[in-house]
Structure formats: C-alpha cells, structure tokens
Amino acid sequence: MQKMTGFKCEKCGKMFYPKHARCPRCGSLELKEIDLGNECTLMTYTKLFAVPEGVEQIPLLLGIVEFKNGVRALGQIVAEEVEIGATLQPVWGPLRKVHGKTVSGFKFEPVKRKLS
Ligand SMILES: [Zn+2]
C-alpha cells in the first residue's frame, strides 16, 4: 500500500504537500519527509461536471483535505456524495487516462466505519 508523504522544513517547521524544491515559507532546501497518516478531514469540495480529458468519474468531486498535523492537500474524492467534515483516507489509484496511458496518484475515499 502506498503511503502519502508530506514534507517538513527543517529550518522553520512548515509542513506541506505536495513536494516543492524549496520551503514555500522560508525558501530553505532542508526538507524531510513526514508521514501524513491514514486519515484526513474534508474541508471543502467542488463538483465538476466538465472534467479534464480522460477522467471517468462524472461528476468529479475535487476536495481539499486536512491531515491531523495540519497539512492540506487537494485531490479527487471517490464518492458520488460526500459531506464536509467527513473522514477520508488516501488511496493510490488511477486518476485519468492521457493518450491511452493511465495516470495514477492519490485520491481520497470516505472511511467506512463499522456499524456497531
Ligand atoms: Zn521553511
């Protein structure tokens, strides 16, 4: 299973995703990988009916999630409906097809809670 990795600046402590060559806050090149964890919270999302070429999920849900350490990431949400505040988990999978080739990356899907 692929793990989603964020980055932390060793100089100022800024954490971010995806990777930048330099820290977006202080410009330092001293960055280390950090584990983002398996759960994140949906902050906001939009539903797109006009999707980029090669995307098979229509409508496409594009959301911003926040991990427990405060790092935010943008990505596709694998669901037809979702609520803001929902707990999601990153999953690795195909995002779209470009010229017959599948492009993969992280998407977010709702965590299925066990019914008790
Ligand atoms: Zn920094």
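These notes cover the structure that comes with them. (Residues numbered from 1 in each chain as written. Predicted model: local features only at pLDDT ≥ 70, side-chain atom pairs only at ≥ 80, totals over all residues. Heavy atoms only, no water.)

**A short note on the coordination of the zinc ion**
Selection rule: Listed donors are limited to N, O and S atoms within 2.8 Å of the metal, widened to 3.2 Å for Na, K and Ca; water is not among them, so incomplete-looking sites are possible. Angular criteria define each label, namely tetrahedral for four donors with all angles between 85 and 135 degrees, square planar for four and octahedral for six donors with opposite donors over 155 degrees apart and remaining angles between 65 and 115, and irregular for whatever fails these tests. Segments assigned H or I by DSSP are reported as helices when at least four residues long, segments assigned E as strands when at least two residues long, and all are numbered from the N terminus.
Coordination of the zinc ion by the protein is provided by Cys9 (SG), Cys12 (SG), Cys23 (SG) and Cys26 (SG), with metal-donor distances spanning 2.3 Å. For the zinc ion, the 4 donor atoms in the first shell make angles of 105 to 115° at the metal, a pattern classed as tetrahedral. Look at where the donors of the zinc ion fall in the sequence and you get C-x2-C-x10-C-x2-C. With Cys12 in the loop between β1 (5–9) and β2 (15–16) and Cys23 in the loop between β2 and β3 (31–35), the pair connects residues that are 11 residues apart, well separated along the chain.

**Quick look at the sheet that holds β1**
Where we set the bar: At least two bridges found by DSSP between two strands is the condition for calling them paired.
Strand order in the open sheet formed by 3 strands is β2-β1-β3, and the pairing between neighbours is antiparallel. Edge positions in the sheet fall to β2 and β3, since each has one partner strand and no second. Pairing of β1 with β2 involves 2 bridges; the strand directions are antiparallel. From the neighbouring strand, Lys8 faces β2, where its bridge partner is Met15.

All quantities given are derived from atomic positions and should not be read as evidence of function.
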